[in-house]
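Understanding the architecture of this molecule
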Amino acid sequence: MWDQFFDGYCPESKLEGEKVKMRLNANDFFESEKTGLQIAISYPGVHAVVLKFRGSGKFRNTVKYAHEVENGELLSPQLVERFPYCGDELFKGEDGFRNYLNDVK
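Okay, so let's go over this structure. Nothing here was measured: the structure is a model prediction, and the numbers come from that model.

**Examining the sheet that holds strand S3 (residues 38-43)**
- Within the open sheet, the five strands sit side by side as S1-S2-S3-S4-S5. Their pairing is mixed. Here the strands that pair on one side only, and so sit at the sheet edges, are strand S1 (22-24) and strand S5 (74-77). Strand-to-strand twist of the sheet, defined as the mean angle between neighbouring strand axes without regard to direction, takes the value 35 degrees.
- Here four bridges tie S3 to strand S4 (residues 47-50), and the two strands are oriented antiparallel to one another.

Here it is in structure tokens:
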């Protein structure tokens, strides 16, 4: 089920009806424990950017999950290579999000 708001769980897995936790990794991104999808919180309470590259499962020793600190950020595509990674663009619905995921490496 598609939702434009980031609730701390993997939005890719939610499309398949799964509730998968996202954990802070060594690069300070939240990474799906199942798919490796990464999200950068660019502006807390505003943007959660779905990065164009997947993580490698290198998590921090201190466990921190996104669902424990989420602020209802809007999911946004990565538009630039450096922080804040986004602009004002949002995904154009579920189809736009699915199309974006096809290009995530």
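**Remarks on the packing of aromatic side chains**
- Scanning all chains against the criterion turns up six aromatic pairs.
- Ring centres of Phe 29 and Phe 53 lie 6.2 Å apart, and the angle between their planes is 75 degrees; this geometry places the pair in the edge-to-face category. Taken as a pair, Phe 29 in the loop between S1 and strand S2 (30-32) and Phe 53 in the loop between S4 and S5 lie far apart in primary sequence, 24 residues in all.
- By relative accessible area, Phe 29 is classed as buried at 10%.
- Judged by its relative accessible area of 35%, Phe 53 falls in the partly exposed class.

Definitions and limits used
Residues numbered from 1 in each chain as written. Predicted model: local features only at pLDDT ≥ 70, side-chain atom pairs only at ≥ 80, totals over all residues. Heavy atoms only, no water. Pairing = 2+ DSSP bridges. Helix = DSSP H or I, 4+ residues; strand = E, 2+ residues; numbered from the N terminus. Axes fitted to C-alpha atoms, helices over the stretch in contact; angles between N-to-C directions. Phe/Tyr/Trp six-rings, centres within 6.5 Å; stacked < 30°, edge-to-face > 60°. Buried < 20%, exposed > 50% of the residue type's maximum accessible area, 1.4 Å probe, protein only.

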